[in-house]
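The primary structure of each chain is shown beneath.
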Amino acid sequence: MRLLATFTAIVCLTSPAVLLAKVSASADGKLLRLDGGDVTYAMGVDEKGYLQPLYWGAALDAAAPLVAKVSGELSGFDPAGSITPQEYAGQGEGLVSEPGVKAVFADGNRDLVLKYRRHSVSGETLIVELADISRPLTVTLRYTIDPDTGVIARSASVRNGDAQPVRIDQIAAATFTLPVGDDYRLHYLTGRHAAEWSQVDTPVTPALTVLESRRGSTGHGNQPWFAIGKEGQTSETDGPVWYGALGWSGSFRLSVGADNLGRVRISGGYNPYDFSWSLKPGETLDTPVFYAGYAAKGMGDASRRFHAFQRTSIIPGGTKAKIRPVLYNSWEATTFNVTEAGQMALAEKAARLGVERFVVDDGWFGARNDDKAGLGDWTVNAAKFPNGLKPLIDKVKSLGMDFGLWVEPEMVNPDSDLYRAHPDWVLAFPGRPRTEGRNQLLLNLARTDVRDHLLNWLDRLVRDNDIAFLKWDYNRNWTEAGWPQMPVEDQQRVQVAYVRNLYHILSELRRRHPGLEIEGCSGGGGRIDLGIMALTDQSWTSDNTDPFDRLTIQDGFTQAYAPSIMMAWVTDSPNWANGRQTSLDYRFLSAMQGSLGLGANLDHWQQGDFATATRWIAAYKEIRATVQRGDLYRIAPPRAGAATSATAYVSPDRKQAVLFQMLHSSMFRSNVEALRMQGLDPARPYAVRMLGGAALPDGVPGQASGSYWMEQGVRMKLKGDFQGAALVFDVMP
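Residues numbered from 1 in each chain as written. Predicted model: local features only at pLDDT ≥ 70, side-chain atom pairs only at ≥ 80, totals over all residues. Heavy atoms only, no water.

Side note on the overall build of the chain
In plain terms, the rule: Strands here are runs of E lasting at least two residues and helices are runs of H or I lasting at least four, both read from the DSSP assignment and numbered beginning at the N terminus. What the globule rule says is 2.2 Å times the number of residues to the power 0.38, and the radius of gyration is computed from C-alpha atoms. Only protein chains enter the accessibility calculation, which uses a 1.4 Å probe; a residue is then buried when its area is under 20% of its type maximum, exposed when over 50%, and partly exposed in between. Residues are treated as being in contact if the distance between any of their heavy atoms lies within 4.5 Å. Charge counting follows a simple rule: Lys and Arg are positive, Asp and Glu are negative, and His as well as the terminal groups are ignored. Think of each charge as sitting on NZ of Lys, CZ of Arg, CG of Asp or CD of Glu.
Looking only at helices and strands, one finds 13 helices and 35 strands in the chain. Relative to its length of 733 residues, the chain is compact, with a C-alpha radius of gyration of 27 Å against a globular reference of 27 Å. Each principal axis of the C-alpha atoms in the chain carries an extent, and together these give about 80 × 70 × 45 Å. By the burial criterion, 60% of the 733 residues in the chain qualify as buried. A sequence separation of at least 24 residues applies to 68% of the contacts in the chain between residues at least 6 apart. Computed over 75 positive and 81 negative side-chain charges, the inter-centroid distance for the chain is 2 Å.

Right under this line is the structure:
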């Protein structure tokens, strides 16, 4: 994983002039600091050898007097070991808060006390080693900090140096500590299938808040993301925010709560539910990476920093990543009724609109005429494509588009040749039910033979066909997560080994086919996180494509993740999810606030629909670099009861911006408030125009300074139900 970062390791010595000297190996007064992006993160070693968190927030001067102090006993109920703040604690010495790691030694001992041993620098990474006070078990902590955004990347590794196995029952990638306070508020994202990305705001209290998935994947229910602000101080535009997300695509657990002294502790890593790892002598267990940052200017500042970090350091290609092309997906038009002639006809219609990528969805392979059979048999259906995929691919390319396919590699139908040949390849317990979801079972990707089988057929599929894009789907959660081929003590490794092998396949497939692009999908947003994002180019945000619902879904998504990978489709009206009817213009304006795609049945469109879509796709191409690569400002977030919402995207050089306003409904003589732009250069003049070519609303000047647009604002005076408009601001020469 790419971690673009620098850090400064500082030792608290007598003279500030030597603060940038090489890190000392002495224990007294040791201070380790990471500085970048106007953020300082500091920890220190006290006289007893505990590594303590000291500071995380706005940048401090190099001479800041940060010192780790030994804690004393608070009472007989609170011994020193239980109240000492620790950067990464073992479950021992009376610890009652969330541990970094919980272990059981071969003799039954469960007391683990971790103290500082040493630290070193490797390239851009700070490495800190902790060790138990007597047992040969060590934990290595790794830190980097992004120089531009201040985002810290943390991970941990536990190593068994004993001659007997040690059982690891819980392990965090990182734990973070915030100062004492009773005014913290936690923001998180939750939901369900087709209703993902709902925002929750709740006080941080001693009652632990646990965000988790026990589903084997990230899941629709909770995101491995948090943001913490201050009551009465933090808003969209002001106040401190501490935020972060775990880069893991399996079962996870994040916890947030205040300890008995009022310090806020955040912990995240593998979910201990149905997990244990028998750590063999000499073996090391690595955690995922936990990314976290600090912003001084509100939730908007936090998300823009995190988006920028993702664009440069997480998303494949970084700053050289391709702009997302406009794609068409055939699912809603044909479902399983896929034929060569039918897909060619759709491709011709899509090309007329200016579409750049044509994707054939489910139904092209095996005996796949519905969702009851064929999954796992990844050979082209000869009845539907008698000459293979080549004639269709050639047709698509001749129309100026590249070609993509839907796949669901991790799943199998019981009614398939693969399952009949390898019934032992699925997650299951001997003699127990095999619960189906969507008529399918889950292949046990933790097995190397299953992993290699999936990689080989995917490699052949891409190699033997001119395939530029795979839509990688995943349509059920785990049940009966058995791995009976392993020794009993190792069977629960499946929770980690499965995801690691998924990452291996994606990484190796990309290595073998450098031009291949992949979309992550799991019934919509069921597996979106920084782990899968590092190996895919875009994400399917939600199966719910209703344009009004999508405004709330997209607002939640972008709290955590970059709009550049957020796929948004224009589909048919009434929408399948809720029966709502909306205009094609409104649907486009909603979808253009992410990476644009089409999923409507073009065979049912009238000539006017084609003209409308052609106009909006051309307009989107004028501003998509700003939408996908720019800074997002939530001018008026969509909220229950609000008549309008508005978002603005500003290019990194501030030469272009686009403002979207979306109206739910209006009242007679309603007097709409002006929308004040953000992020423009106040001193430069901007010309303004309506995206799509319409005339400017009355009262909106054709040009004005950035300060005018940000202070005076614009009033677009939308009327009716489900209306939208977009203004483009271009710097004048």
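Structural notes on the pattern of salt bridges
Where charged atoms from two side chains of opposite charge come close, those side chains can pair. Just so we agree on the cut-off: Here, a salt bridge means any side-chain nitrogen of Lys or Arg that lies within 4 Å of a carboxyl oxygen of Asp or Glu.
According to the stated counting rule, one finds 51 salt bridges in the structure shown. Asp464 is the partner of Arg463 in a salt bridge, and the nearest nitrogen-oxygen pair spans 3.2 Å. Overlapping salt bridges, with partners in common, bring together Asp459, Arg463, Asp464, Glu508, Arg511 and Arg512 in one network.

Side note on helix α12 (residues 607-629)
Filter applied, for reference: A helix's residues, less one, multiplied by 1.5 Å, set its expected span. One axis is fitted to the seven residues ending at the residue and one to the seven starting there. The bend at that residue is the angle between these axes.
Between its terminal C-alpha atoms α12 stretches 33 Å, which fits the 33 Å expected from 23 residues at 1.5 Å a residue. The sharpest bend along α12 comes to roughly 55°, located at Ile623. The set of residues buried in α12 consists of Phe610, Thr612, Ala613, Trp616, Ile617, Ala619, Tyr620, Ile623, Arg624, Thr626, Val627 and Gln628.

Considerations on the confidence of the model for the chain
Selection rule: Every residue gets a pLDDT, meaning the predictor's confidence in that residue, from 0 to 100.
Across the chain, the average pLDDT comes to 94, with 96% of residues at 70 or higher. When the criterion is pLDDT under 50, residues 1-29 qualifies, and its contacts beyond four places in sequence or with other chains add up to 65 contacts.

Quick look at the packing of helix α4 (residues 340-353) against α12
Our working rule: Only the stretch in contact is used when fitting a helix axis, every axis being a line fitted to C-alpha atoms; angles between N-to-C directions are given from 0 to 180 degrees. Oblique is the label for every angle not falling under 35 degrees (roughly parallel), over 145 degrees (roughly antiparallel), or within 65 to 115 degrees (roughly perpendicular). For this scheme, ten residues count as nonpolar: Ala, Val, Leu, Ile, Met, Phe, Trp, Tyr, Cys and Pro. Four count as charged, namely Asp, Glu, Lys and Arg, and the remainder, Gly too, count as polar.
Two elements in contact, α4 and α12, have axes whose closest approach is 8 Å; the angle formed by their N-to-C orientations is 50°. Judged on the interaxial angle alone, α12 and α4 are oblique. Where α4 approaches α12, its residues Lys349, Arg352 and Leu353 are matched on the opposing element by Gln607, Phe610, Ala613, Thr614 and Ile617. Residue composition of the contact of α4 with α12, grouped by class: four nonpolar, two polar and two charged.

Let's talk about the pairing of strand β29 (residues 595-598)
The condition is simple: Two strands qualify as a pair provided that DSSP identifies no fewer than 2 bridges between them.
The alternating pattern of β29 places Ser595 and Gly597 and Leu596 and Leu598 on opposite faces, both of which are buried. Two elements, strand β20 (residues 327-329) and β29, share two bridges in a ladder whose sense is parallel. Paired with Leu327 across the two strands is Gly597, which belongs to β29. Note: strand β28 (residues 566-570) against β29, four bridges, orientation parallel.

With respect to the environment of Thr644
Position of Thr644 relative to the elements: it lies in strand β31 (residues 644-650). Since its relative accessible area comes to 25%, Thr644 is described here as partly exposed. Separated by 19 residues in the primary sequence, Thr644 and Leu663 have C-alpha atoms spaced 4.4 Å apart. Those residues in contact with Thr644 that sit more than four places away from it in its chain are Ala636, Gln661, Met662 and Leu663.

Some points on the sheet that holds strand β34 (residues 703-705)
Spatially, β30-β31-β32-β35-β33-β34 is the arrangement adopted by the six strands of the open sheet, whose pairing is antiparallel. Strands with a single pairing partner mark the edges of an open sheet, and in this sheet they are β30 (631-636) and β34. Within the sheet, the average angular offset between the axes of one strand and its neighbour, ignoring direction, is 25°. Of the strand pairs in this sheet, strand β33 (residues 685-690) and strand β35 (residues 721-731) are connected by five bridges, and their pairing is antiparallel. Along β35, the bridge assignment pairs Val688 with Phe729.

Things to note about the packing of helix α11 (residues 584-591) against α12
Note the threshold: Note: crossing handedness is left-handed where the near helix turns anticlockwise from the far helix by less than a right angle, and right-handed where it turns clockwise.
Packing of α11 against α12 brings their axes to within 10 Å, and their N-to-C directions diverge by 25°. Taken together, the axes of α11 and α12 lie roughly parallel to each other. Both α11 and α12 take part in a crossing whose hand is right-handed. Within the contact between the two elements, α11 uses Leu584, Asp585, Phe588 and Leu589 and α12 uses Asp609, Thr612, Ala613, Arg615, Trp616 and Ile617. Residue classes in the contact of α11 with α12 are distributed as six nonpolar, one polar and three charged.

Considerations on the sheet that holds strand β3 (residues 51-58)
Taken in spatial order, the three strands line up as β1-β2-β3 in an open sheet, and their pairing is antiparallel. Of all the strands in the sheet, just β1 (31-36) and β3 have a single pairing partner and so form its edges. For this sheet, the mean angle separating the axes of adjacent strands, direction not counted, is 10°. As paired strands, β1 and strand β2 (residues 39-45) are joined by six bridges and run antiparallel to one another. In the strand pairing of β2, Leu31 is matched with Gly44.

Looking at unusual backbone geometry
Omega for the bond connecting Ser573 with Pro574 falls within 30 degrees of zero, at 0°, which places this linkage in the cis form. Along the chain, Pro574 turns up in the loop between β28 and α11. At Ala194, a position not held by glycine, the phi torsion is positive, near 70°. By the element assignment, Ala194 lies in the loop between β10 (184-192) and β11 (195-203).

Notes on the side chain of Gln495
Filter applied, for reference: Throughout this description, a polar contact denotes any pair of N or O atoms lying within 3.5 Å of each other; where both atoms belong to protein, one of them has to be capable of donating a hydrogen while the other can accept it, and for residues adjacent in sequence the pair is counted only when both atoms sit in side chains.
Looking at where Gln495 falls in the secondary structure, it is placed in helix α8 (residues 494-512). A relative accessible area of 7% means that Gln495 is categorised as buried. Only 3.4 Å separates the side chain of Gln495 from the side chain of Ser251, close enough to count as a polar contact. Sequence-distant contacts of Gln495, defined by excluding residues within four places in its chain, comprise Gly216, Trp248, Ser251, Asp274, Trp478 and Ala481.

Regarding α8
Since the α-helix advances by 3.6 residues per turn, residues separated by three or four positions end up pointing in the same direction. Between its first and last C-alpha atoms α8 spans 26 Å; for 19 residues at 1.5 Å apiece the expected length is 27 Å, and the two agree. Among the 19 residues that make up α8, 14 are buried, leaving the element largely enclosed by the rest of the structure.

Remarks on the packing of aromatic side chains
How two aromatic rings sit relative to each other is set out by the distance from centre to centre and by the angle between their planes. This is how the line gets drawn: Aromatic pairs are defined between Phe, Tyr and Trp rings, using the six-membered ring for Trp, whenever the two ring centres lie within 6.5 Å; interplanar angles under 30 degrees are classed as stacked, those over 60 as edge-to-face, and all others as tilted. Sitting over a ring, as applied to charges here, requires NZ of Lys or CZ of Arg to be within 6 Å of the ring centre and within 35 degrees of the ring normal.
Taken as a whole and assessed by the stated rule, the structure comprises 33 aromatic pairs. Both rings, one in Trp540 and one in Trp569, keep their centres 4.2 Å apart while their planes meet at 40°; by these two values the pair is tilted. A residue pair is termed long-range when its members are at least 10 positions apart, and Trp540 in strand β27 (residues 538-540) and Trp569 in strand β28 qualify at 29 residues. Residue Trp540 is classed as buried on the basis of its relative accessible area, which comes to 3%. The exposure class assigned to Trp569 is buried, which follows from its relative accessible area of 7%. For the ring pair Tyr649 and Phe660, a centre distance of 6.1 Å and an interplane angle of 85° mean the geometry is edge-to-face. Here Tyr649, found in strand β31, pairs with Phe660, found in strand β32 (residues 656-665); they are eleven residues apart in sequence, far enough to count as distant. Both residues of the pair, Tyr649 and Phe660, belong to the buried class. One aromatic cluster in this structure is built from Tyr41, Trp56, Tyr143, Phe176, Phe226 and Phe290. Its end group placed over the ring of Tyr184, Lys230 keeps NZ or CZ at 4.1 Å from the ring centre.

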